[in-house]
Number of protein chains: 2
Amino acid sequence: MLRLNSRDPGFDKAFQRLVRDRRESDDDVARDVSLILEQVRNRGDAALAELTQRFDGHSLADDANWRIELADCREAYDNLNPELRAALELAAQRIRSYHEAQLPEDRDYTDAAGVRLGAKWRGVDAAGLYVPGGRAAYPSSLLMNAIPAKVAGVERLVVVTPTPKGKINPLVLAAAHIAGVDEIWRIGGAQAVGALAYGTQRIRPVDVVTGPGNAWVAEAKRQLYGVVGIDMVAGPSEILVIADGQNDPDWIAADLLSQAEHDPAAQSILITDDPLFADTVADRVGVELALLQTARVASESWNTHGVIIEVASLDEAPALANALAAEHVEIAVDDPQVLADAIRHAGSIFLGRMTPEAVGDYVAGPNHVLPTGRRARFASGLSVLDFMKRTSFIQLDESALHAIGPAAVALAEAEGLPAHARSVAVRLGQ
Amino acid sequence: MLRLNSRDPGFDKAFQRLVRDRRESDDDVARDVSLILEQVRNRGDAALAELTQRFDGHSLADDANWRIELADCREAYDNLNPELRAALELAAQRIRSYHEAQLPEDRDYTDAAGVRLGAKWRGVDAAGLYVPGGRAAYPSSLLMNAIPAKVAGVERLVVVTPTPKGKINPLVLAAAHIAGVDEIWRIGGAQAVGALAYGTQRIRPVDVVTGPGNAWVAEAKRQLYGVVGIDMVAGPSEILVIADGQNDPDWIAADLLSQAEHDPAAQSILITDDPLFADTVADRVGVELALLQTARVASESWNTHGVIIEVASLDEAPALANALAAEHVEIAVDDPQVLADAIRHAGSIFLGRMTPEAVGDYVAGPNHVLPTGRRARFASGLSVLDFMKRTSFIQLDESALHAIGPAAVALAEAEGLPAHARSVAVRLGQ
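Residues numbered from 1 in each chain as written. Chains lettered and ligands numbered in written order. Predicted model: local features only at pLDDT ≥ 70, side-chain atom pairs only at ≥ 80, totals over all residues. Heavy atoms only, no water.

To continue, consider the overall build of chain A. A tally of regular secondary structure across chain A gives 17 helices and 15 strands. Expressed along its principal axes, the backbone C-alpha trace of chain A runs to roughly 80 × 60 × 45 Å. Burial analysis of chain A (430 residues in total) assigns 62% to the buried set. Within chain A, contacts between residues separated by at least 24 positions form 75% of all contacts whose residues are at least 6 apart in sequence. As presented, chain A carries roughly 15700 Å² of accessible surface, and 49% of it is formed by carbon and sulfur atoms. Treating the 41 positive side-chain charges of chain A as one cloud and the 60 negative ones as another, the clouds have centres 6 Å apart. (Helix = DSSP H or I, 4+ residues; strand = E, 2+ residues; numbered from the N terminus. Buried < 20%, exposed > 50% of the residue type's maximum accessible area, 1.4 Å probe, protein only. Contact = heavy atoms within 4.5 Å. Areas by Shrake-Rupley, 256 points an atom, 1.4 Å probe, with all protein chains shown as cover. Lys, Arg positive; Asp, Glu negative; His and termini not counted. Charge placed at Lys NZ, Arg CZ, Asp CG, Glu CD.)

Its rotation angle being 180°, the transformation that places chain B on chain A also includes 0.0 Å of axial translation and leaves an RMSD of 0.0 Å. In symmetry terms, the pair is related by a two-fold rotation axis. Here 99% of the interface residues in chain B have copies in chain A that are interface residues too; the copies meet face to matching face. (Least-squares fit on C-alpha atoms with pLDDT ≥ 70 in both.)

Enumeration over the complete set of coordinates arrives at 44 salt bridges over all chains. The partner of A:Arg344 in a salt bridge is B:Asp125, and the shortest N-O contact between them spans 3.0 Å. Remark: B:Asp125 occurs in the loop between strand S4 (116-123) and strand S5 (126-130) and A:Arg344 occurs in the loop between helix H14 (336-342) and strand S14 (348-351); the pair is interchain, linking two chains. Taking the relative accessible area as the measure of exposure, A:Arg344 reaches 35% and is therefore partly exposed. Its relative accessible area of 30% is what places B:Asp125 among the partly exposed residues. In this structure, B:Asp231 and B:Lys221 form a salt bridge, with 2.7 Å as the shortest nitrogen-oxygen distance. Note that B:Asp231 is positioned in the loop between strand S9 (229-230) and strand S10 (238-243) and B:Lys221 in helix H9 (residues 215-224), a separation of ten residues in sequence. Each of the two residues, B:Asp231 as well as B:Lys221, counts as buried. In this structure, a network of salt bridges that share partners links the residues A:Arg3, A:Arg7, A:Asp279 and A:Glu310. (Salt bridge = Lys/Arg side-chain N within 4 Å of Asp/Glu carboxyl O.)

The domain architecture assigned to chain A consists of domain 1 (29-230), domain 2 (235-377) and domain 3 (396-428). Placing the centre of domain 1 of chain A and that of domain 3 of chain A at their C-alpha centroids yields a distance of 46 Å. (Domains from an automatic or database assignment.)

Turning next to the packing of aromatic side chains. Following the criterion strictly, the structure yields five aromatic pairs over all chains and no others. An angle of 20° between the planes, with centres 5.6 Å apart, marks the rings of B:Phe11 and B:Phe15 as stacked. Of this pair, B:Phe11 and B:Phe15 both sit in helix H1 (residues 11-20), four residues apart, roughly one helical turn. The pair formed by B:Phe11 and B:Phe15 is uniform in burial state, with each residue classed as buried. The positively charged end of A:Arg85 is found above the aromatic ring belonging to A:Tyr77, 5.3 Å away from the centroid. The positively charged end of B:Arg107 is found above the aromatic ring belonging to A:Tyr98, 4.1 Å away from the centroid. (Phe/Tyr/Trp six-rings, centres within 6.5 Å; stacked < 30°, edge-to-face > 60°. Lys NZ or Arg CZ within 6 Å of the ring centre and 35° of its normal.)

Now for the sheet that holds strand S2 (residues 67-68) of chain B. Spatially, six strands are ordered S2-S7-S6-S5-S8-S9 (chain B) in an open sheet, and the strand pairing comes out mixed. The sheet is open, and its two edges are formed by S2 and S9 of chain B, each paired on a single side. (Pairing = 2+ DSSP bridges.)

Take the UniProt feature "active site" (unreviewed entry) in chain A next. All names here are of chain A. According to UniProt, the positions carrying the feature "active site" (unreviewed entry) are Glu327 and His328. Note on placement: Glu327 falls in the loop between helix H13 (317-324) and strand S13 (328-332). Given the relative accessible area of 6%, Glu327 is considered buried. Setting aside residues no more than four positions away along its own chain, Glu327 makes contact with Ser237, Glu238, Gln259, Ala346, Gly347, Ser348, His368, Leu370, Pro371 and Thr372. (UniProt positions renumbered as here; feature names shortened; annotations may be inferred.)

Moving on to the interface of chain B and chain A. Each partner contributes residues to the interface: chain B has 123 residues there, and chain A has 123 residues. Around 10200 Å² of area is buried between chain B and chain A when both sides are counted, 57% of it from carbon and sulfur atoms. Here chain B and chain A share ten salt bridges between them. Measuring nitrogen to oxygen at the nearest pair gives 3.0 Å for the salt bridge that ties B:Asp207 to A:Arg377. Here chain B is connected to chain A by 66 residue pairs in polar contact (both at pLDDT 80 or more). It is helix H16 (residues 398-414) of chain B that provides the largest number of residues to the side of chain B that touches chain A, a total of nine residues. Across the side of chain B that touches chain A, the residue classes break down as 68 nonpolar, 25 polar and 30 charged. Across four bridges, the pairing between strand S15 (residues 388-395) of chain A and strand S14 (residues 348-351) of chain B is parallel. (Buried area = accessible area lost by both parts, 1.4 Å probe. Polar contact = N/O pair within 3.5 Å; in protein donor to acceptor, adjacent residues only side chain to side chain. Nonpolar A, V, L, I, M, F, W, Y, C, P; charged D, E, K, R; others polar.)

Read across the open sheet, the nine strands follow the order S1(A)-S12(A)-S11(A)-S10(A)-S13(A)-S14(A)-S15(B)-S4(B)-S3(B); overall the sheet is mixed. Looking along the sheet, the strands with just one partner apiece sit at the ends: strand S1 (2-5) of chain A together with strand S3 (107-110) of chain B. Each adjacent strand pair in this sheet contributes to an overall mean axis angle of 15°, direction not counted. The sheet strands contacting helix H10 (residues 249-260) of chain A are strand S10 (238-243), strand S11 (267-272) and S13 of chain A, and the helix crosses S11(A) at an angle near 155°. Each of S11 and strand S12 (307-310) of chain A is contacted by helix H12 (residues 295-305) of chain A, which is oriented at about 55° to S11(A), the strand it contacts most. (Axes fitted to C-alpha atoms, helices over the stretch in contact; angles between N-to-C directions.)

Further remarks concern the environment of A:Ile331. All names here are of chain A. Of note, Ile331 is situated in strand S13. Spatially, the C-alpha atoms of Ile331 and Thr355 are 8.7 Å apart, while their sequence positions differ by 24 residues. Apart from the residues within four sequence positions on either side, Ile331 is in contact with Ile242, Pro336, Leu339, Ala340, Ile343, Ile349, Phe350, Leu351 and Gly352.

Residues and elements named next belong to chain A. Mapped onto the present numbering, the UniProt feature "binding site: substrate" (unreviewed entry) falls at Ser237, Gln259, His262, His328, Asp361, Glu415 and His420. Judged by maximum C-alpha separation, these annotated positions cover 184 residues in sequence and are scattered in space, the widest gap reaching 55.6 Å. By the element assignment, His328 lies in strand S13. According to the relative accessible area criterion, His328 is buried, its value standing at 2%. Apart from residues lying up to four places away in sequence, His328 is in contact with Ser237, Glu238, Ile239, Leu240, Gln259, Ser348, Phe350, Glu357, Asp361 and Leu370. A distance of 2.9 Å separates the side chain of His328 from the backbone oxygen of Glu238, its partner in a polar contact. Note that Glu415 resides in the loop between helix H16 (398-414) and helix H17 (418-425). You can call Glu415 buried: its relative accessible area is 6%.

Residues and elements named next belong to chain B. Viewed as axis vectors pointing N to C, helix H6 (residues 139-152) and helix H7 (residues 170-179) meet at an angle of 20°, and their least axial separation amounts to 9 Å. It follows that H6 is roughly parallel to H7 by the angle criterion. Note on packing geometry: the crossing formed by H6 with H7 is right-handed. In this structure, H6 contributes Pro139, Leu142, Leu143, Ala146, Ile147 and Lys150 to the contact, and H7 contributes Leu171, Val172, Ala175, Ala176, Ile178 and Ala179. Looking at the contact of H6 with H7 residue by residue, the classes come out as eleven nonpolar, no polar and one charged. (Parallel < 35°, antiparallel > 145°, perpendicular 65-115°, else oblique. Left-handed = near helix turned anticlockwise from the far one by under 90°.)

Below is the structure:
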C-alpha cells in the first residue's frame, strides 16, 4: 500500500505517476487473438470445437454439448433457495426499472423552414453477451448486461459462456432465466466473441457484443469493434473512497477490500483529511484481510495497488478525483452533494455513509458495468443506448427545398462536389 | 454497374454477395500506424515535426508554423464571399438547432424503497477533430463535428489538419471561426491522431477524437479507441435510392452520382419496380457523367460498385434495405412513410421526391457523419452524445439500506465475494 500526503513536496509527481499507472496488461495477446479470430471466421464450428476442447476441456463432438437449453435455466431457477431467488428477483426488478427510464425519446417535428426532421431509436436485432466461466461467473453481471438489452427491445439475446470440463454455474442459468436470455452456447474466450461477431454454421451473428472477460476476451472485442458494436474496453476495477474522520473505520476498510477482492490488479484508493483515521483504516484493512476468504487476491491488490492519500482539506478531493476519473467514487461525509457536484469524471458516485459501493454491484438499479482506467473522462456506464441505434430522417417539400436548397448548392460547389449541387439544383428547376 | 432482378433465380446469392462486399481496404496499414503512434507517444513533438516534414512537406522547425491562429480564421471568415458566408451561417444555425434538441436530460429521483438514484450528463473536457487536408477539406464536415461538440459543452475543441506544402483551405478556417474552434494544429495523418490522444510537449491530450480521414487516420482512431473515445470506424460512403417510375430520371441519376463522386469506393444502389425507369436512369447516369467535373472518381465508383436492382414490387425494398443497412436511404415515392416505417437499419432516411441526400450533407440539420458498411445495424450518426458522458449516482439512508441491503449480502455471498457482503452487512449492524 502506498501512502501519500498532499502537503509533501513530492506529492504532485507521485500522484501523476498514480494517475498514469494503467494496471492493464500490455501482454502480447493481440497476435494470439487475431489468429483465433481468423480461424473462427474461416472455419466456423470446426474451429470452435477444436479451441473449446483445447482451452476448456469441453468436447463439442456431440451436438447436444453445444448449447444449454432454456429448460435447464428454468430448472436452475426453480431449484434456487428461496432467499437467493428473491434477491435475484429484487435485483432484476430494480435494474429493469432504472433502465426502462433510460429509453430515449424519438423526435419528429417540422421547423420554420417547413423541413420535417427527426430521429427514431430502435433496439439492435441481436446482442451477444459474454459470461465468464468458473469462479468469475457472476449472475449479477448477467442481469446487468441482459436486462438493458431486453429493455432496449433486443429480440435475440445470445449468451456465450465457457463450461470448463463441462461444469455449469446454476446461479448464472437462473439469472439467464430471469433476464429472458434466448440462446446459450457453451463456448468461451476470443473464439466465442469471434463466433458472435462473424457467425458460424450453428451460431447466427449478432450486432452488439457486451460482457466482461479476461484479456483475450477484451482484446477480441477490441479487434472486432466496428464489425459489431461493443460495450467498452474494460480494465481492472477500481474504487476511490473520499472519507472524513467521522466514519467507522471498519466500514471504510470493508469498502476498500470489496474492490480489492475482485482482482489482483484492482485498485482501492482512500482520500481522507484525518491522519489518525487513515492509520486506523490501514490497520483495519490488515485485520479484516486476515479473516477474509478472498484474502489472497485482496491482499495482493491492496499491497500492490492500494493507496491512502492524506489531504489538508477534503476540498482538495474533487480535483484529485477528476484526475483519477475512477470507476467508483464513494463520498462518505455528512453532506456529500457538495463534493459530488465538483466531481466531473467518475463512472458512478455513491453518496453518504450508508451507500457502500457493493449495493451498486447488485441491487441499487444503475448499471455496474462502468468505465475503468480513467475512461470516465469520455465513457459512460452500460445502458440501453448500447443496445440501440438511431436513424435520423429528413423530409422536404418543394417550398422547403426552395428555402434551404440554394445554400446546399452554394456549399457543394465551393467544396468541389458538382453532383451534390446538381442533385439539389435540378429539383429547383436550375 | 451491376444489374440485378429479384425475380431471377440467382438473385439471393448475388444480393448476399453485395451485402457482404465490404469495399474497405484491408491494406497493411495497421503496422505502419502502430509504429507511428509509438513514435509520437515516445518522442512527442520531435516525432511530429519529422513525420509532418516527411508526409506533408511542411516544416515545423519554426515555432510559428505549428498553429493556425484564431485571428486567421476570423480573417478567412471576413473575406468569404457573402453568398457563401450566408450559406455557411445557415448550415451552422440549422445544425446547431437540431443538435441542441439532442441534449439528454439528467435524472434524480427517490424511489419507493427510499433509494435516491440518478445520472448526470456532462460534456468531455476536450475534443479533437481531424480535418483532412487538400481537396477533401470540407467546411461542412468541420461544422458537423465541431458544432455538436460545442453544443455538448466541450470547452476545448482542437482541430488538427495537415497543410500539404503549407497550403491552407480558407473555407475550413471560416467554418472553424463560425463553429468556435479553440486551437488548430497543422499536423495530419496517424501522427496527428496520436498527438491528440497521448498529448505532446506542445499539444495537451484530448478525451474524444472524431472526424473523417484516410485509411491511416481511421486505423489510428481504431487503435486508440479506449485511450480516447472515438466517433466510429468509418468506411466509404453509400446511398440506397428506392424509387418508383414516377420520378424524373435525371433527379435520381444525380442522386446516385452525388454519392459516387465522393470516392472510387463509394457505392450507389437503386431499387425500383419499373424496368423502363431503371434503363432510363442508367442512361442518364452515363449522360450526366460525361458533363461532370468529378467524372473520374464518380465513374470509377459507379462502374465498380453501382447497382440497379429491379423488384416486382417496392414492398420488397425494406427487406433488402435492412440487409444492406445503408448509410443513406432515399425513398422517392408519393407516400414514403410506409416504406420508411419498415426500414429498421439505416443511418439516415430521406423521405419523398424533394429530399435529395445532398441537403442532408449541408443544411438540413441532422448530422452527416453516419454509419457505413452495414454498421447502421448497431451504430448511429454522430451526435452530442459522442461528446458527453454520464455519471450515475446512488444514495441510501439507513432505512433504504435495510430495505435492499440484505439482498446484496445474499448475492455477494453466493458469488463468493465476502468483502462485498461485509461492506453492506457491517452497516446493517450484522
